[in-house]
Structures are given as C-alpha cells and as structure tokens.
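Architecture and fold: a report
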Number of protein chains: 2
Amino acid sequence: MKPLERVRIAVDCMGGDHGPSVTLAACRDFLATHADAELVLVGTEQALAPVAQWDRCRVVLATEVVAMDDPVEVALRRKRDSSMRVAIQQLKPDAAGATQADACVSAGNTGALMAVSRYILKTLDGIDRPAIAAMLPNSRGGLTKVLDLGANVDCSAQHLLQFAVMGSALVSALDGKEQPTVGLLNIGEEIIKGSETIKQAGELLRQCAAAGLINFYGNVEGNDIFKGTTDLVVCDGFVGNVALKTSEGVASLMGTLIKEEFTRNLWTRMAAVVAMPVLNRFKARVDHRRYSGGALLGLRGLVFKAHGSSDALGFERAMSRAYDAARNRLLDRVHERIEVTLQAMPAAAPADSPVKTAA
Amino acid sequence: MKPLERVRIAVDCMGGDHGPSVTLAACRDFLATHADAELVLVGTEQALAPVAQWDRCRVVLATEVVAMDDPVEVALRRKRDSSMRVAIQQLKPDAAGATQADACVSAGNTGALMAVSRYILKTLDGIDRPAIAAMLPNSRGGLTKVLDLGANVDCSAQHLLQFAVMGSALVSALDGKEQPTVGLLNIGEEIIKGSETIKQAGELLRQCAAAGLINFYGNVEGNDIFKGTTDLVVCDGFVGNVALKTSEGVASLMGTLIKEEFTRNLWTRMAAVVAMPVLNRFKARVDHRRYSGGALLGLRGLVFKAHGSSDALGFERAMSRAYDAARNRLLDRVHERIEVTLQAMPAAAPADSPVKTAA
C-alpha cells in the first residue's frame, strides 16, 4: 500500500488534564519533526489565539469542552460543539468522500471519545464493536499491541476474531510487519484451557490461520505480553483492562520500593547519587509516556487516544502514532482485512449483526 | 476462636521442581522456628531415609510421585499411591472424626493438587467450587489476598460471593482481622461497570454487606491489588490468573531493564557495585518466594500450594502460612462464615448445587 504523501492530523487541543498548555507544546514539537504533516487545531477561540500564525496549521473553533469527568451522555447529547466532537468530525467524509483530516488525537476521557467517535463516524462494515488497542513495552525492546482495552465486556468469539484482524492491521501499519503473530490471552497454552468463549475464539482463529488469513500463534499468558512472545495479544475488554491496570500497579509499586530503599539512610542516599544516571535511564525506559497513544479500531476514521495525564512528550507520542497509522493507511488496511476475512470465513461474522460483504 | 495448641502439617516431600532436596531443608528450618509444630513427612522410602531420626516428625511412605507435567487424570486415577495423594489423605477424618494432620503443603502441579484434594476431601457444604487464594505484596507493606487464581473460569455471581466469604475467613485467620475489606475486581469503581455477572456479584455483595455478613468496599481495579486498597480482592479464575501472570511479567521485565542499565558499560558497572546493597534489599522485597503459598479454599481440609520452583525459603513460607491457617482454625472459620451467609442470604447459594444448612 502506497503511503499518504501528506498527513493531516486533527487535534482536540482542549482534552486531557492539562489542555492547551500541553497539547499546543506537543503540536509544536510534532510539526518540527514531521515535515509532511499538517494539523487541524480544534479548540476555543481564546485557547487557540497563540497559534494563529503557525505554519501548516489550520484552526477550527469549538465553543465547548468535554470535561474529564463528564458522563458519556453529556459529551454525546449536550456538548454538541465540543472540541472533541469537532475534531472527530474532521474525519467524516463529505458527499464527495473528502475529509478534512486523516486522523484525530485527543487526551479527553476515553468513554466519551469512544462514544462520540462511534456516533459521528460509525463502525466499519463487518465490525460489531470498536476496540481500543494499547502498546505495552516488551523485553525484546518492542511494543506488544494488546486489544481490547476499551469497554467491551462480555465479548463473543467473533468479537475476539475481529479484534485479531483489526490488531493485525494495526501492527502492519505501525511496524511494517505484514503478517504479525497473534496470541489469544488465556490461562494456559493448551487448547483445552479457558472459558467456553475463549475456546471458541481459539477454534475460529485456528480456522482463519489455516485459511492463511491470520498468523495465529496460539494461546498466550499474561506474562507473554511483556516477553513479546507475539506481536499482538487479543482479549476481551474486561480482561485487558484488568491486565493494564495490574501492570501499572506493579510498575508503580516497584518504583515506590526502589525509592524507599534508596532513601532509607545517609549511605543509601549516597549510593543513589552515584546510581542516579543509571536509575534515570531505567526510569525513562519504563516511562509510561513512551507508550501513550491507544488506537480506537473498527471505526470509519482513525482516532487515537493520549493518556489523560499526558504531558507534551506523551501527547506528541500519541500524535506520532496517529501520523504513522494514517500515513500507512491503517483504515484501508483494517477494511481490507475484515472484508477478506468475512468472505473466506462467514462464521466470523457476529450472529447479532448481519454483515454486508462485497459481492 | 481458640487457636490449636499443636499443629500437625503433612508435607508432600516429593513435589515441586526440586523435590526432597528443597522440601526437607525447608522442613528442618520450619521445625526450628515452630516449636509447637509436628510434621508428617510423605515420600518414597529412599527420599525419606535421612529423616528417620528427626524430632517431631512422622514418616509416611508413598511409592509414587506426581510429576510436574503429569495430566490431572494420571494424578487422579493412575498414581493412587503418590506422595501428593497420601499427604492429602492425612487430612481426611476417620470414622471418629480424627485426622492425621491439620494442614497439607505441596509444591506439586496445581491442577493435580486441586483435583486430588477435591476428590479425597470433597468440598464444604455450601461451596460449589474450591478456589485458590494468592498473596500479593502491596505498597502498605502488607499482602493483598486475591482469589480465585485457580481454574474456575466462567464463574457465576454466587461463586464470586463464596470466594468473598472464604477469602474473608482466610484474612481473619492469617492477619487476625475479623472483618477484612473486600474489593470486587472490575474495570471501574462505579456500580454500573463490568459484565452482567460482575454487576450481579456486586449486588449480592452489597446485600451481604447490608446484612453485616461481609465488609464490602465496592469495585476495585487491577492497580488496587498492589496499592492494598482492600484486604481481599475477588475475581473469577480467568481474570485472576491473567492478573497474576501479568504482574509476574511486569516485575520480570523491570528486573531485566534494571540489570541491562547497570551492566551497560564500565561506569554503570561501578555504580552497580556502589548501589548493590540497596539493589539487593530491593530484590529481597520483590522476591516472589516471600509471597509463596497459595491456599486452596472450600475443601474439607486445609491444603496449601507452594510455587513449583520454590527453593527452601519459598517452601518454608508456604509451610508457615499453612501453620498459621491451621493454628487459627481457618477450616472452622470458612465453614462458619459460609453457613451464616447462606442462612441469611439464600440467594447466595448457586442454583446448580442445592445447599444443606444447619436447621
């Protein structure tokens, strides 16, 4: 697939815990390192006053802001002129099929972002539920993609297969691997392990692998995410969320313990001074900002989510991922893979949503 | 409840990756620090030859050993004279209600241990499925108890409630807290979050809390396990297993990264020498052997599981937990709490197992 020559990113400048102070700093850094990028900056008139003269930027005003604790209903029904919503709207094709942007980035609240994206953009044919993919560091020095981390609880085997197909497209767009390996998150490697749904999903994934549609590795366990056993790990949103929060919890506990040990007394504080450069490098490697940027997959538009607490580095990372995804035509890739899969494997279509495939 | 005056622990001396070389060393350490304990050492004649003269020990011979990779069926049906099975049998009451031991410890394979325990001991009245509870370190310096980490996938709300009741008994026996706080592992704090089963479980737990049967805190997230937000965290076996393996994966990745950074070049190696005592203390605090010793709950006997790769320290820890549990009458506590709960809350009984409660 030929990459896009010019990549336009719509930015919700008001989202996140810090709003424009972070997002605009990130935009400036992003523009400096991405010569073929253009930005559509969405926010209130006051917030965007400083950017009027920026190169390769277009300002689109919005009068409202979705707060981090706004319920989904408020974002969806009441704040119809929010920066989040207007930013997403830039991805919606007009009558001639043209869009104002190729991807959108927001650090706004996840539930609202998913709901508004779904409402404005709709899901792709053959996709029942959009999913959120995160990127977690592994000991091979890469990033394991994991989905779903969104709110898709009670997933069926078909949903898990759709996640595998969309996730494969994501890895191919971000890492250039055309046939990334896919692991199914389970409680053991053997195919007899897991819940009924997981066993059915394993069966579906094996059928797809036999048909050459997917590079299915088999079952993986929680620790395989961080070993990098597979490029992609698929799970339902409940399990994925628990795994993500658990790993944040362990990392945070270990950070606390290291700090406690190095500040225990005068001697350990002196050791800390000597070890500081090394500890700082370690800290930089486990810095969650490096892994910022979840992808909302399965929508008719590319929406990326930055961590709500992102600083400029974290937000810029999310913008870079959105840029890579748009440049490498992630949307077309997802669409193509889903279509091919559903043509070859009608069983992959969820029972509750009749799927239209090209004749 | 008055503590036991004499605690008898049955030890499967052949289990685990290292067998008697580790278990017997652990037994020696354990006896040295537990003056009121007696051991029933179960193993082959050859393996137990060295212990013939040990004080406060009784040897019971077994002719077979369950291998770490033996399928459950082999442990259950073929190796009828295995050290694992004979050790568990020490917990089975005779016609007069007397047992040969108060708790049993094995580092043998988990699936086999659960299956054989269940077969030999049976489950307590009112318990549909035995569960495995683990103890994970938290930033308050304590150990959060988490269950189920066993093979109970597809749990119902009633099962989750049973886990909460059994887990509360475990915390009360090990930590002396009579009304430990209970968290329901979920993907958000709000009661509308989660799968249907989780929402029903939340409802049941709230009813139990209102009736004064349980100290229900509400929903918790994955990171709360390591924050120590609640004394106990309840989840189904699938989610629990993923959370446990994920945390092992993160801890292992962070250990690898620290090592990589400190061995990067001559300067960092010198820093490592200075920081070594601090790093070693840190390492000791995150050492998984300190958290060894899962409890199999819901059986008519106390069975504790040591990590398969346990060394003497890890195995001794598991023995100590079994000792604490037996001494503080964990079995009676579980039994009492389940009975009281089921009398007050008939809805807590799983539909698929009619429950007998005392009249």
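Within any chain, residue numbers begin from 1 and follow the written order of that chain's sequence. Lettering for chains starts from A, numbering for ligands starts from 1, and both go in the order in which the items are written. pLDDT decides what is reported in this predicted model: residues at 70 or higher carry local features, side-chain atom pairs at 80 or more are listed and counted, and totals for whole chains, interfaces and linings draw on all residues regardless. Derived side-chain values reflect all non-hydrogen atoms in the structure, with water molecules and hydrogen atoms excluded from consideration.

Basically, it comes down to this: UniProt positions are given in the numbering used here, feature names are shortened, and annotations may be inferred rather than shown by experiment.
Looking up chain A in an unreviewed UniProt entry gives the name Phosphate acyltransferase, with the organism given as Ideonella livida. Annotation of chain A in UniProt includes, under Function (unreviewed entry), the sentence "Catalyzes the reversible formation of acyl-phosphate (acyl-PO(4)) from acyl-[acyl-carrier-protein] (acyl-ACP). This enzyme utilizes acyl-ACP as fatty acyl donor, but not acyl-CoA."

**Overview of the overall build of chain A**
Cut-off, in case you're wondering: What counts as a helix is a DSSP run of H or I of at least four residues, what counts as a strand is a run of E of at least two, and both are numbered from the N terminus. Each radius of gyration reported is based on C-alpha atoms, and the globular scaling rule is 2.2 Å times the count of residues to the power 0.38. A 1.4 Å probe rolled over the protein chains alone gives each residue an accessible area, and that area as a share of the maximum for its type sets the label: buried under 20%, exposed over 50%, partly exposed in between. Contact between two residues is taken to exist if any of their heavy atoms lie within 4.5 Å; hydrogens are not considered. His residues and chain termini do not enter the charge count, which takes Lys and Arg as positive and Asp and Glu as negative. Lys charges are placed at NZ, Arg charges at CZ, Asp charges at CG and Glu charges at CD.
Within chain A, the secondary structure is distributed over 12 helices and 11 strands. The C-alpha radius of gyration of chain A comes to 21 Å, within 12% of the 21 Å expected for a compact globule of 359 residues. With the C-alpha coordinates of chain A rotated into their principal frame, the extents come out at 60 × 60 × 40 Å. A total of 359 residues make up chain A; the buried ones form 58% of that total. In chain A, of all internal contacts separated by at least 6 residues, the share reaching a separation of at least 24 is 69%. Side-chain charges in chain A split into 40 positive and 40 negative, and the spacing between the mean points of these groups amounts to 3 Å.

**Some remarks on the relation of the copies chain B and chain A**
Applicable threshold: In superposing the copies, a least-squares fit is computed on C-alpha atoms, taking residues whose pLDDT is at least 70 in both.
Of the transformation placing chain B onto chain A, the axial shift is 0.0 Å and the rotation is 180°, giving an RMSD of 0.0 Å. The transformation relating the two chain copies, once decomposed into turn and shift, fits a two-fold axis. Both copies contact each other with a shared surface, as 100% of the interface residues of chain B are interface residues in chain A too.

**Considerations on the packing of helix α9 (residues 237-262) of chain A against helix α10 (residues 266-286) of chain A**
Residue and element names in this part refer to chain A. This is how the line gets drawn: A fitted line through C-alpha atoms represents every axis, and for helices the fit uses only the stretch in contact; the resulting angles, taken between N-to-C directions, go from 0 to 180 degrees. Any angle that falls under 35 degrees is termed roughly parallel, while one over 145 is termed roughly antiparallel, one within 65 to 115 roughly perpendicular, and all others oblique. Throughout, the ten residues Ala, Val, Leu, Ile, Met, Phe, Trp, Tyr, Cys and Pro are labelled nonpolar, Asp, Glu, Lys and Arg are labelled charged, and all others, Gly among them, are labelled polar.
Where α9 meets α10, the axes come as close as 9 Å, and the angle between the chain directions of the two elements is 150°. Judged on the interaxial angle alone, α10 and α9 are roughly antiparallel. The segment α9 lies against α10, with Ile258, Glu261 and Phe262 engaging Thr268, Arg269, Ala271, Ala272, Ala275, Leu279 and Phe282. For the contact of α9 with α10, the residue count by class is seven nonpolar, one polar and two charged.

**A few points about the domain arrangement of chain A**
Residue and element names in this part refer to chain A. Inclusion rule: Segment limits for the domains were obtained from an automatic or database-derived domain assignment. Two parts lose some accessible area (1.4 Å probe) when they are put together, and adding that loss for both gives the buried area. Salt bridges are defined by distance alone: a side-chain nitrogen of Lys or Arg within 4 Å of a carboxyl oxygen of Asp or Glu. Contacts described as polar in this section are N or O atom pairs within 3.5 Å, which, within protein, must combine one atom able to donate a hydrogen with one able to accept it, while residues neighboring in sequence count only if both atoms come from side chains.
On domain assignment, one finds that chain A holds domain 1 (1-124 + 298-328) and domain 2 (131-296 + 330-359). With centres defined by C-alpha atoms, the gap from domain 1 to domain 2 works out at 24 Å. Across the boundary between the two partners, domain 1 contributes 27 residues, which contact 24 residues of domain 2. Between domain 1 and domain 2, a total of about 2200 Å² is buried, with carbon and sulfur atoms accounting for 63% of that surface. Broken down residue by residue, the surface that domain 1 buries against domain 2 is led by Met1, Leu124 and Arg321, which jointly contribute 26%. In this structure, the connection of domain 1 to domain 2 is made through zero salt bridges. Counting across the domain 1 and domain 2 interface gives six residue pairs in polar contact (both at pLDDT 80 or more). At the level of elements, α5 (110-121), β11 (303-305) and α11 (312-327) are the ones that each hand at least two residues to the side of domain 1 that touches domain 2.

**Some points on the pattern of salt bridges**
Counted by the stated rule, this structure contains 32 salt bridges over all chains. We note a salt bridge from Glu5(B) to Lys2(B), for which the minimum N-O separation is 3.7 Å. A relative accessible area of 66% places Glu5(B) in the exposed class. Taken together, the shared-partner salt bridges connect Glu178(A), Arg333(A) and Arg337(A) into one network.

**Structural notes on a nonpolar patch on the surface**
Residue and element names in this part refer to chain A. Inclusion rule: Each patch is built from residues lacking any salt bridge and having more than 30% relative accessible area; the joining distance is 9 Å for like charges and 5 Å for nonpolar side chains (Val, Leu, Ile, Met, Phe, Trp, Tyr). Using a 1.4 Å probe, the Shrake-Rupley method yields the accessible areas, and only the shown protein chains count as cover for residues.
Taken together, Leu266, Trp267 and Met270 make up a surface patch of nonpolar side chains, about 400 Å² in accessible area. Its location among the elements puts Leu266 in helix α10. Leu266 gets classed as exposed once you look at its relative accessible area, which sits at 59%.

**A few points about the sheet that holds strand β8 (residues 215-220) of chain B**
All names here are of chain B. Put simply, the rule reads: Two strands pair if DSSP finds at least two bridges between them.
Taken in spatial order, the 11 strands of this open sheet run β3-β2-β1-β4-β11-β10-β5-β6-β9-β7-β8, and their pairing is mixed. The open sheet has two free edges, formed respectively by β3 (57-61) and β8, since each of these has just one partner strand. On average, each strand axis in the sheet is tilted by 25° relative to the strand beside it, whichever way the strands run. Pairing between strand β1 (residues 7-12) and strand β2 (residues 37-43): six bridges, direction parallel. The residue bridging Asp12 from the neighbouring strand is Val42, located in β2. Packing of helix α5 (residues 110-121) onto the sheet brings it into contact with β4 (103-106), β5 (131-137), β10 (294-297) and β11 (303-305), and relative to β11 it is tilted by some 175°.

**Some details on the sheet that holds strand β7 (residues 181-185) of chain A**
Residues and elements named next belong to chain A. If you walk across this open sheet you meet the 11 strands as β3-β2-β1-β4-β11-β10-β5-β6-β9-β7-β8, and the pairing is mixed. Edge strands, defined here as strands with exactly one partner in the open sheet, are β3 (57-61) and β8 (215-220). Going from strand to strand, the sheet's axes swing by 25° on average, the running direction of each strand aside. As judged from the three bridges shared by strand β10 (residues 294-297) and β11, these two strands associate in the antiparallel manner. Residue pairing for β11: Ala295 is matched across the bridge by Phe304. Sheet strands touched by helix α7 (residues 196-210): β7 and β8. Its angle to β7, the strand with the most contacts, is close to 165°.

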